[in-house]
Amino acid sequence: MKTLTTTARTVCPYCAVGCHLDLVVENGRVRGLDYAVNSPVNAGRLCARGHAALEILTHPERLTRPRQRAAYGWTTVSWNEALDAAAENIQRILSSHGPQALAFLTTAKGTNEENYLIQKLARTLGTHNVDHCARLCHASTLTGLGPMLGMGAATNPLSDLARSHCLFFVGSNLAENHPVAFRWVQEAKDAGAKIVVADPRRTPTAWIADLYLPVRPGTDLALLAAMLHVIFRDGLQNSPFMAQRTSGVEALRASVSRTDPSWAAPITGVPARDIVRAAHLYAKAPRAALIYCMGVTQHALGTETVRACADLALVTGHIGTQGTGLYPVRGQDNVQGACDMGALSGFLPGYRPVTDPQARRFFEEAWGIPKGTLPAASGLTVTDIEQEAGKSIRGVIAVGENPLVTSPNTGRIREALQRLDFFMVMDLFLTETAELAHLVLPAAAWAEKSGSRTNTDRRVQWSPQVVPPPGQAHPDGQMVIELAHRLGLGRYFSYDGPEAVLEEIRRVVPTYAGITAQRLRAHHEGIPWPCLDDTHPGTPVLYENRFATEDGRARLYPLEFGALPEVPDANYPYCLTTGRGKLHYNSGAMTRRTTSLMARAPHLVVELHPEDAEREGFRPEEPVWVVSRRGTVKARVHVTQAIRPGIVFLPFHFPDANRLTQDVLDPWAKIPEYKSASCRLEKVTRE
Ligand code: SF4
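Note that this is a predicted model, so its numbers are computed, not measured.

**Digging into the UniProt feature "domain: 4Fe-4S Mo/W bis-MGD-type" (unreviewed entry) in the chain**
Right, so step 1: Sites flagged by UniProt as "domain: 4Fe-4S Mo/W bis-MGD-type" (unreviewed entry) map to residues 5-61.
Right, so step 2: End C-alpha to end C-alpha, residues 5-61 measures 27 Å, and it is 14% helix and 37% strand.

Next up, the structure:
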């Protein structure tokens, strides 16, 4: 038989850098990877996760048939039986309890079109109970940046980092977590830029820092407030910029009048002179960028800390031009797009608040659904849904989410999900969460479906279907459409493919108005939103002339300081912080099944300082118990100078790490406090 070989350009299914993966396809099967050397995103580079992505497509544990829970375990069912059972259970809950008893967890691993469809299904049924994992990673970016700047997104392209004279990283380990993007930081460094890194761990990002600030977990707000104090005190603010383009400076200045470096030093653990140096390096640079990640957002004070980041950029005028800006670096490949599509309990597509009657009316008309279908109040967030599961929430449909690994205090989540009348999961694998479901539908992976995705710098890219899904697996979007038809909503879900869904998106989300599948296919480099019409080139840099607020001015926020919900004491003397490792990805559902990655990172480790290891009598690689007020997990000791004494670090990719974390929430974003809990360490005396 003649061999037919083609190459198809797809987008990496892991992090939000959005690297291109060129798949080599022979006679309809993926045979390997080619490096996308002409890609403006990754120029052929891939990290270990990207290199290993193909394993997922042919993994022997992939779900290939729907399965339903029976008295004796699982039973496989046909596709029609599975969808009939799903529709029947949803109808029963609707009839008995009404639409507010249903909740949908959608996914940042899905395409824009899939997220749009899932939120539309929830809302067409009459509930805003639809949310996704952004609630657990960057919800505080939306609640922080949105009211201040008008949009909760990165202001500049990642490539712009190479143009900065100073790069200030707060709670971001870009070198390991978004490794391909780190090349632009190295380019800036080679050109003479100063690198400042604030992190409790001396990560590989900090290895190239000119100034490293070993801030204690949960105290970034105090650090940033002290830097703002220094900037005002030493006259480093950009007064013309503030006068022309911002409001609220006096309230901000008053709120940081007492937060001098000598106040912040004992709170943060950062020497006062280094706080001053950091403020001067950032403020005096002709162009400076501030890069933050979950070290800032995943806190009970997450929104306040994001506001402090934005205040710094605005006070110094480091925003609105190339080489400056704010970079809330997203984790999953399409977390930006899922937010844009309204996969949030408080926002319709395009960030129109559900509480706005005009917005509700607009979508009811656009979708052709009866007036009054959309409730006037916000729905439940991920964290609310988990609280209410088995109480006011009777049924949950989870698409590609694995809360039994990713949510805080997971012991409580397990109990809650087990109380549900109906729990349905769509996923690639039988994840820890799927094991609790009543019904599991097998889903297609990234290269098995077509659609658009939006990376962390708002770049919308098309990723085509290259191979068919295995067995009876289907794209999430197709499953949602078929379910909608069975629920009697077919007239609102009449699409002949993801291209048609994107056509609808561009009619209702103004920032996507000029984005079509045809354009995205023609422009492999993608189009950064806002893209306002068919000929608009997209907008790499936001806020060049005006902010996206009503009056065009950015709003400076005065800072308020709250206490940490839990601090070390005699029983729990260590501060526990969590984060990403360099090889695994989020809940590990894919990477813990990838042999090449597991060979290098096979189990949960707990990092601690040599002084702490010696005092506890722990040897490297020894298994120990990590104990918090909420649970106990076993991890192997990794002794490292990279972490401060008194602090221990757990990567969150393995089951149980989040049994230890706190479910205390940020009041604005409802994001949990993942980054600071108290714990103790105990010898494992019996395996
Ligand atoms: Fe994939 Fe991110 Fe690695 Fe690029 S940096 S290959 S997008 S995981």
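**Some points on the nonpolar core**
Right, so step 1: With 175 residues, the main nonpolar core has Leu121, Leu149, Leu161 and Phe168 as its most contacted residues.
Right, so step 2: Look past the residues within four positions of Leu121 in its chain and what remains in contact with it is Phe104, Val480, Leu483, Ala484, Leu487, Leu489 and Phe493.
Right, so step 3: Listed in part, the 23 residues of the second largest apolar core include Ala103, Leu404, Ile413 and Leu417.

**Some words on the sheet that holds strand S17 (residues 422-427)**
Either a parallel or an antiparallel arrangement is found when strands of a sheet pair, and the pairing is made through backbone hydrogen bonds.
Right, so step 1: Strand order in this open sheet of seven strands is S5-S4-S18-S17-S16-S6-S7, and the pairing throughout is mixed. Each of the sheet's edge strands pairs with one partner strand only, and the pair in question is strand S5 (73-76) and strand S7 (130-131).
Right, so step 2: Packed onto the sheet, helix H22 (residues 476-486) meets strand S16 (395-399), S17 and strand S18 (439-442) and runs at close to 145° relative to S17.

**A few points about the pattern of salt bridges**
Right, so step 1: In the structure shown here, the tally under the stated rule is 33 salt bridges.
Right, so step 2: Between Arg593 and Glu61 there is a salt bridge; the shortest N-O distance is 2.9 Å. Of this pair, Arg593 sits in the loop between strand S23 (574-579) and helix H25 (595-598) while Glu61 sits in the loop between helix H2 (54-57) and strand S4 (67-70), and the two are 532 residues apart along the sequence.
Right, so step 3: Overall, the relative accessible area of 18% leaves Arg593 in the buried class.

**Things to note about helix H3 (residues 79-97)**
Right, so step 1: Taking 1.5 Å per residue, 19 residues should reach 27 Å; H3 reaches 27 Å between its end C-alpha atoms and fits that length.
Right, so step 2: Taken together, the buried positions of H3 are Trp79, Ala82, Leu83, Ala85, Ala86, Ala87, Asn89, Ile90, Ile93 and Leu94.
Right, so step 3: In this structure, the buried residues of H3 make contact with S4, strand S6 (102-105), S16, S17, S18 and H22.
Right, so step 4: Looking at the residues trailing H3, positive phi occurs at Gly98, about 85°.

Conventions adopted
For every chain, the first residue of the written sequence is number 1, and numbering continues from 1 onward in sequence order. Reporting of local features is limited, given that this is a predicted model, to residues whose pLDDT is at least 70; pairs of side-chain atoms are given and counted only at 80 or more, and all residues count toward the totals for whole chains, interfaces and linings. Side-chain measures were taken over the full set of non-hydrogen atoms in the model, leaving aside hydrogen atoms and water. UniProt positions are given in the numbering used here, feature names are shortened, and annotations may be inferred rather than shown by experiment. Secondary structure elements follow DSSP: runs of H or I no shorter than four residues count as helices, runs of E no shorter than two count as strands, and numbering proceeds from the N terminus. In this text, buried Ala, Val, Leu, Ile, Met, Phe, Trp, Tyr and Cys residues form a nonpolar core when linked through side-chain atoms within 4.5 Å. Each residue's exposure class comes from its accessible area (1.4 Å probe, protein chains only) as a fraction of the maximum for that residue type: buried when under 20%, exposed when over 50%, partly exposed otherwise. Residue contacts follow a heavy-atom distance rule, with two residues in contact if any of their heavy atoms lie within 4.5 Å. A strand pair is defined by DSSP finding two or more bridges across the two strands. Lines fitted to C-alpha atoms define the axes, with helix axes restricted to the stretch in contact, and inter-axis angles between N-to-C directions lie between 0 and 180 degrees. Every case where a carboxyl oxygen of Asp or Glu lies within 4 Å of a side-chain nitrogen of Lys or Arg is listed as a salt bridge. Expected span of a helix: the number of residues minus one, times 1.5 Å.

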